[in-house]
Amino acid sequence: MSCASCVGRVERALAALPGVEAASVNLAAERADIRFSGPADAQAAIRAIEDAGYDARLLDEARDAGAAEDEAAARRTAETRRLKRSAILAAVLALPVVVLEMGSHLFAPVHAFVMETIGMRESWILQFVLTALVLAVPGRRFFSSGVPMLLKGAPDMNALVALGTGAAFGYSTVATFAPGLLPAGTVAVYYEAAAVIVALVLLGRTLEARARGRTSEAIRRLIRLQPKTALVMRDGRAVSVPVAELQRGDIVSVRPGESLPVDGEVTEGSSFVDESMITGEPVPVEKVPGAKVVGGTVNGAGALTMRATAVGSATVLAQIVRMVEAAQGGKLPIQALVDRVTLRFVPAVMGAALLTFLAWLAFGPEPALSYALVNAVAVLIIACPCAMGLATPTSIMVGTGRAAELGLLFRRGEALQSLRDARVVAFDKTGTLTQGRPELTDLVLAEGFERTQVLALVAAVEARSEHPVARAILAAAEREGLALASVEGFEAQPGFGVSARVGGRPVAVGADRAMTWLGLDLAPFRAAAEQLAESGRSPLYAAVDGRLAALLAVSDPVKPSARAAVAALKDLGLAVAMVTGDNARTAASVARELGIDEVVAEVLPGAKVEAVERLRAAHGPIAFVGDGINDAPALAAADVGLAIGTGTDIAVEAADVVLMSGALDGVPNALVISRAVIANIRQNLFWAFAYNAALIPVAAGVLYPVNGTLLSPIVAAGAMTLSSVFVLANALRLRAFRPAVEARGAAS
């Protein structure tokens, strides 16, 4: 494919197949994504593409990501080299033609030299031979592809170039060998136009191919971090084997400074691992036995032994590549306008060229036929819709690739535009704004009790409980190095608390109603309990030997990154809301701490969808950020859903954007990069459309009656090349995108 009209043609061919629900073709990625209503018939799709005049092959999604990308990169490199060789050959052959023809026109000494040494007719014959070589060798691709498309009634960019250069060459050939067939005063040659147009278009395609290869550089950099070989323990010794041959359960040895070959679990050793290529977070993460590790991340100074848990296409890295490729293959709503215009663009250009030819032939000055030919060729060449076809997909490819480097995965390309249009961001609370791990924050003792004594007794009882609050208390006792006595008669009463005998002493831990049920007076702790509740902490009570012993408070601490993320979103002009199932008092406390505008508390998972709808009605398009299974409906219902990558798989699958780390810095960063990508696309489309709208009439000669301006086909070819290169260069600026909020570490 070479232009936007090619894309439209392939999509129409695929959409006409029985059972095809949707087909999306990406010019920059050279990829088609097809959705079937029934069993997928890939061979039928390939035949339809070939019947439309193009080549296709089935992508193997199950292949190792690195091998697939290496193959694609090698194919792109080979094509770039072929184009470069063709462009150089065309330029070498075209240069003498330009010197002989244009030099004679522009410089009298050159004209005199040619006439005295070669002669006019011999000069034309030499130009004929050189131009024929240009069209037959480096320029053959335009004719071998363009002429069949022209005969099918589906012309593309190659057809425009073939028609333009063929017309200039054919006219010149008649003028050279059969001048009597042309009207008096119209005998002239335009070999230089045909030769230079081919050279310039090939130069443009070479630059495009190089730039398009760079659009997926971010993904290639990620894949390159995965080593080619791994040290696997076989029969008691470490053996180097290709990563592609690793299997689940293999024991792999990772030396200091090496990249981890696959996903796995640490079995021996400890080290700090740089996971920035996955999460975008700069701070290395400590790994000890039992810790999960991801393939492609970089080991620090320690040696690790790990058990492979995911290999090949099942690794996190391979999944990231698939997500980014899916986003890059998607189409934004803004692309719909481009598709509608470009589908009929090439036939319209050919019509404009024909009208130009006829108008100059009928009303132009003598030699009218020469003027008609030159201006018609200029229209054909300058109107090539390459820039329009590249405007959107190149920006998406570069933008989503850069986002992936920052730990932001756009699972759907459409999410770029949806997120850019968002006017309110709603957060889940637990696990999203907060750590999701309750911690013991307060322990207020009754008279006659000691802290270590009470904490050890309470922790011993809570060690039998699975409640998150129990784990917080147990973790606090472990941090203080307290020894826990044996427990007998453990009982759990839902909604009240737990009780047991610890070292023969009765201990009860629970809510205020549990203490009231035991007949204990809470008055000594009432003021402290109210103060704790106001600050968003959950008060609990402990009774020992039938006496009220302590007031404990447990809370889920706010993530350090949350405050900066909320502030950044407000600076960007968005409203910020919280939607949570937690009680209203706790939710309000967290909202006050973070500066959140609106709180919807005590909602069940199903009601979160209703809350999303209310917020959308009040503010406009909404983005929802969550991490749990209960957030999946809200993530799907929002205009764009952002899932914390450290959350559940269900939440991640329901989201449009995945924040690979637990940090919330990614939310404003994702919003800013979406705005940058859409702005970049708009710039590209403006240039592409404005360029064609402005220069097609100039090429047709509308300014000639005013000031005598005409556009040479050579200048038209140069301008067409520059338009595509400009669009690609503008898209590549996104590689330098800087995040709105710098990462603060994976733990944030």
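Rules behind the numbers
- Residues numbered from 1 in each chain as written.
- Predicted model: local features only at pLDDT ≥ 70, side-chain atom pairs only at ≥ 80, totals over all residues.
- Heavy atoms only, no water.
- Helix = DSSP H or I, 4+ residues; strand = E, 2+ residues; numbered from the N terminus.
- Buried < 20%, exposed > 50% of the residue type's maximum accessible area, 1.4 Å probe, protein only.
- Contact = heavy atoms within 4.5 Å.
- Pairing = 2+ DSSP bridges.
- Core = buried A, V, L, I, M, F, W, Y, C linked by side-chain atoms within 4.5 Å.
- Salt bridge = Lys/Arg side-chain N within 4 Å of Asp/Glu carboxyl O.
- pLDDT = per-residue confidence, 0-100.
- Phe/Tyr/Trp six-rings, centres within 6.5 Å; stacked < 30°, edge-to-face > 60°.

A. Quick peek at the overall build of the protein chain. Looking only at helices and strands, one finds 29 helices and 24 strands in the protein chain. Evaluated residue by residue, the protein chain yields a buried proportion of 52% over its 748 residues. Residue pairs at least 24 apart in sequence account for 68% of intrachain contacts in the protein chain once pairs closer than 6 positions are excluded.

B. How the structure looks around the sheet that holds strand S10 (residues 298–299). As summarised here, the arrangement of the three strands in space is S8-S7-S10, forming an open sheet in which the pairing is antiparallel. Edge positions in the sheet fall to strand S8 (285–287) and S10, since each of these pairs with one other strand and no more. In the sheet, strand S7 (residues 271–274) pairs with S8 via three bridges, with the strands oriented antiparallel. When the sheet's bridge partners are listed, serine 271 is paired in S8 with lysine 287.

C. Representation of the nonpolar core in the model. Counting 125 residues, the largest nonpolar core has Phe410 and Phe427 as its most contacted members. Here the element with the most residues in this core is helix H27 (residues 666–700); it accounts for 15 residues.

D. Just unusual backbone geometry, in detail. Here the amide bond leading from glutamate 366 into proline 367 is cis, since omega sits at -5 degrees, within 30 degrees of zero. For aspartate 545, which is not glycine, the phi dihedral falls at a positive 55 degrees. Locating aspartate 545 in the fold gives a position in the loop between strand S18 (538–544) and strand S19 (547–555). Residue class for aspartate 545 comes out partly exposed when judged on its relative accessible area of 38%.

E. Up close: the pairing of strand S6 (residues 263–268). Where S6 lies against strand S11 (residues 304–310), five bridges are found, and the strand directions are antiparallel. Across the sheet, the residue bridging to valine 266 is methionine 306, located in S11. Here two bridges tie S6 to strand S9 (residues 292–293), and the two strands are oriented antiparallel to one another. Residue glutamate 265 lies in a different strand from S9, and its bridge partner there is lysine 292.

F. Representation of the pattern of salt bridges within the structure. As enumerated under the stated definition, the model contains 16 salt bridges in all. Between glutamate 79 and arginine 141 there is a salt bridge, with the nearest N and O atoms lying 3.5 Å from each other. In this pair, glutamate 79 is assigned in helix H3 (residues 65–106) and arginine 141 in helix H6 (residues 140–151), connecting sequence segments 62 residues apart. Judged by relative accessible area, which is 23%, arginine 141 ranks as partly exposed. Between aspartate 639 and arginine 616 there is a salt bridge whose closest N-O contact spans 3.0 Å. Taken together, the residues aspartate 639 in the loop between helix H25 (632–637) and strand S23 (640–644) and arginine 616 in helix H24 (residues 605–619) connect sequence positions 23 residues apart. Residues joined in a network through salt bridges with shared partners are Glu79, Arg82 and Arg141.

G. Just the environment of alanine 632, in detail. Residue placement: alanine 632 occurs in helix H25. On the accessibility criterion, alanine 632 (11% relative accessible area) is buried.

H. Seen up close, the confidence of the model for the protein chain. In the predicted model, the protein chain carries a mean pLDDT of 82, and the fraction of residues at 70 or more is 87%. Within the model, pLDDT remains below 50 along residues 744–748, and this stretch shows 17 contacts once partners closer than five positions in the same chain are excluded.

I. Inspection of the side chain of threonine 356 at higher detail. In this fold, threonine 356 is placed in helix H13 (residues 345–363). Apart from residues lying up to four places away in sequence, threonine 356 is in contact with Asn375, Ala376, Val379 and Ala700.

J. Molecular detail of the packing of aromatic side chains. With the rule as written, the count across this model stands at nine aromatic pairs. Here tyrosine 371 and tyrosine 704 contribute two aromatic rings whose centre-to-centre distance is 5.9 Å and whose plane-to-plane angle is 55 degrees, an arrangement assigned as tilted. Residue tyrosine 371 is found in helix H14 (residues 368–382), and its partner tyrosine 704 is found in helix H28 (residues 704–707); the two are separated by 333 residues along the sequence. The exposure class of tyrosine 371 is partly exposed, given its relative accessible area of 24%. Classification of tyrosine 704 as partly exposed rests on a relative accessible area of 27%.

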